[in-house]
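An overview of the molecular structure
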Protein chains: 2
Amino acid sequence: MASSGCEGHAGQEGETFLYFAYGSNLLTERIHLRNPSAVFCCVARLQDFKLDFGNFQGKTSERWHGGIATIFQSPGDEVWGVVWKMNKSNLSSLDEQEGVKSGVYVVIEIKVSTQEGKEITCRSYLMTNYESAPPSPQYKKVICMGAEENGLPLEYQEKLKAIEPNDYKGKISDEMEEIIKKGESKLYRT
Amino acid sequence: MASSGCEGHAGQEGETFLYFAYGSNLLTERIHLRNPSAVFCCVARLQDFKLDFGNFQGKTSERWHGGIATIFQSPGDEVWGVVWKMNKSNLSSLDEQEGVKSGVYVVIEIKVSTQEGKEITCRSYLMTNYESAPPSPQYKKVICMGAEENGLPLEYQEKLKAIEPNDYKGKISDEMEEIIKKGESKLYRT
């Protein structure tokens, strides 16, 4: 997929900013639910961090019924994600979606590397206070679908697929169930 | 102390940025060691975070011989600090001093509140992967001195003074020992 979304983007100045997604916002349909103006920029690697899942203050997410994605510093590890170009007018809405106001996620600024070796500065989010807990099957599915849809390296996709979800057997929101259904039919169409 | 350093500062745009310090950079002499252009902006409060001390990946700091300051999300708690106005040309140097390149600290963006109730967006840093460990007596001293020098609320100063340091009995760097000595004579001059 062409990375034309990022041409001429000068860091975080100007009318837009770059957001590095590594969780459910890997999936185009999912990010467009609340951020219709998000434009795919590129796939990128965050060095010396590791993906994790957990419950903020030990409380399970009511949306996802399992641990939610976060990252933490871990020398030698890496997290792959999608860089989305977003309008600055979308910034506080994205912060809110990411639970910054409620104190769950903190805004971070990171440098990620594109597959061409270019380094770009992005906004992202992480939790600093959580108990590790596996994701629900549906949450894991959205993440894996996004990783596949946007062409994250196969090795990393395999790591994501190998994550053991929890044993949640209920439903998640209609909205998300719909997205999963749509996504599955899109990806498995021959 | 007048907060004239921040007059007319429009967030993080333009030639300067605001840095929220909560550790050894609370002390003017300490921050000026490597950032001579830092200008005192104001004292501010970071809501729903808590101060902690620790060793990144369990390894003791060679500079401070004990746990180094960090913050984490904790609803209901607060961290007081000093907001410094810095030149953007100082930004990557500050990141490096804060151990961002070496992967110890991650850059965060936070909203802090001044004592006049104004909310300002600041750059700061925290560790995501560390083992809690008490600070050395010297490190604690620098922090307490900074808190006193820059007029952090007395109640918070008491909390800092009540922190139990480790039992490190050796020296730290000449530079820092000098700063502590100078600071002590300044603060205890009658």
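Looking at an unreviewed UniProt entry, one finds chain A named Gamma-glutamylcyclotransferase, with Mesocricetus auratus as its source organism. The UniProt entry for chain A carries this comment under Function (unreviewed entry): "Catalyzes the formation of 5-oxoproline from gamma-glutamyl dipeptides and may play a significant role in glutathione homeostasis. Induces release of cytochrome c from mitochondria with resultant induction of apoptosis." Quoted verbatim from the Subunit (unreviewed entry) field of UniProt, the annotation for chain A is "Homodimer."

Once that is clear, we can look at the UniProt feature "active site" (unreviewed entry) in chain A. Residues and elements named next belong to chain A. The UniProt entry lists Glu 98 under the feature "active site" (unreviewed entry), expressed in the numbering used here. Along the chain, the position of Glu 98 falls in the loop between helix 2 (91-97) and strand 4 (106-114). When residues no more than four places from it in sequence are discounted, the contact partners of Glu 98 are Tyr 19, Asn 25, Tyr 105 and Tyr 125.

Take the interface of chain A and chain B next. Listed per partner, the contact involves 22 residues of chain A and 22 residues of chain B. On the chain A side of the contact with chain B, A:Gln73, A:Glu109 and A:Thr128 bury the most area, a combined 37% of that side's loss. At the boundary of chain A with chain B, the tally comes to two salt bridges. Broken down by secondary-structure element, the contributors of at least two residues to the side of chain A that touches chain B are strand 2 (39-56), strand 3 (68-87), strand 4 and strand 5 (119-126) of chain A. Among the elements that line the side of chain A that touches chain B, the one with the most residues is strand 4 of chain A, at five residues. Class assignment for the residues of the side of chain A that touches chain B results in 12 nonpolar, six polar and four charged.

This paragraph deals with the UniProt feature "binding site: substrate" (unreviewed entry) in chain A. Residue and element names in this part refer to chain A. Annotation from UniProt places "binding site: substrate" (unreviewed entry) at Tyr 19, Phe 20, Ala 21, Tyr 22, Gly 23, Ser 24 and Tyr 139. With respect to the secondary-structure elements, Tyr 22 resides in the loop between strand 1 (16-21) and helix 1 (28-34). Accessibility expressed as a relative area gives 7% for Tyr 22, which makes it buried. Look past the residues within four positions of Tyr 22 in its chain and what remains in contact with it is Leu 51, Ala 69, Thr 70, Ile 71, Val 79, Trp 80, Tyr 105, Ser 124, Tyr 125, Leu 126 and Ile 143. Reaching out from Tyr 22, the side chain makes a polar contact with the backbone oxygen of Tyr 125 at a distance of 2.5 Å. Within the secondary structure layout, Tyr 139 lies in helix 3 (residues 137-149). According to the relative accessible area criterion, Tyr 139 is buried, its value standing at 4%. Setting aside its immediate chain neighbours within four residues, Tyr 139 contacts Ser 24, Phe 53, Trp 64, Gly 67, Ile 68 and Ala 69.

When chain A is brought onto chain B, the operation consists of a screw motion whose angular component is 180° and whose axial shift is 0.0 Å, with 0.0 Å RMSD remaining. Here the copies are linked by what is in effect a two-fold axis. Among all C-alpha atoms of chain A, that of A:Ile108 lies closest to the rotation axis, at 2.1 Å. In this assembly the copies share their binding face: 100% of the residues contributing to the interface of chain A also contribute to that of chain B.

Residue and element names in this part refer to chain B. Considering the arrangement of structural elements, one finds Arg 30 in helix 1 (residues 28-34). No salt bridge is formed by the buried Arg 30; the nearest opposite charge belongs to Glu 175, separated by 6.0 Å. The residues contacting Arg 30, other than those within four sequence positions of it, are Ser 24, Asn 25, Arg 63, Trp 64, Val 142, Met 176 and Ile 179.

About the criteria used
Residues numbered from 1 in each chain as written. Chains lettered and ligands numbered in written order. Predicted model: local features only at pLDDT ≥ 70, side-chain atom pairs only at ≥ 80, totals over all residues. Heavy atoms only, no water. UniProt positions renumbered as here; feature names shortened; annotations may be inferred. Helix = DSSP H or I, 4+ residues; strand = E, 2+ residues; numbered from the N terminus. Contact = heavy atoms within 4.5 Å. Buried area = accessible area lost by both parts, 1.4 Å probe. Salt bridge = Lys/Arg side-chain N within 4 Å of Asp/Glu carboxyl O. Nonpolar A, V, L, I, M, F, W, Y, C, P; charged D, E, K, R; others polar. Buried < 20%, exposed > 50% of the residue type's maximum accessible area, 1.4 Å probe, protein only. Polar contact = N/O pair within 3.5 Å; in protein donor to acceptor, adjacent residues only side chain to side chain. Least-squares fit on C-alpha atoms with pLDDT ≥ 70 in both. Lys, Arg positive; Asp, Glu negative; His and termini not counted.

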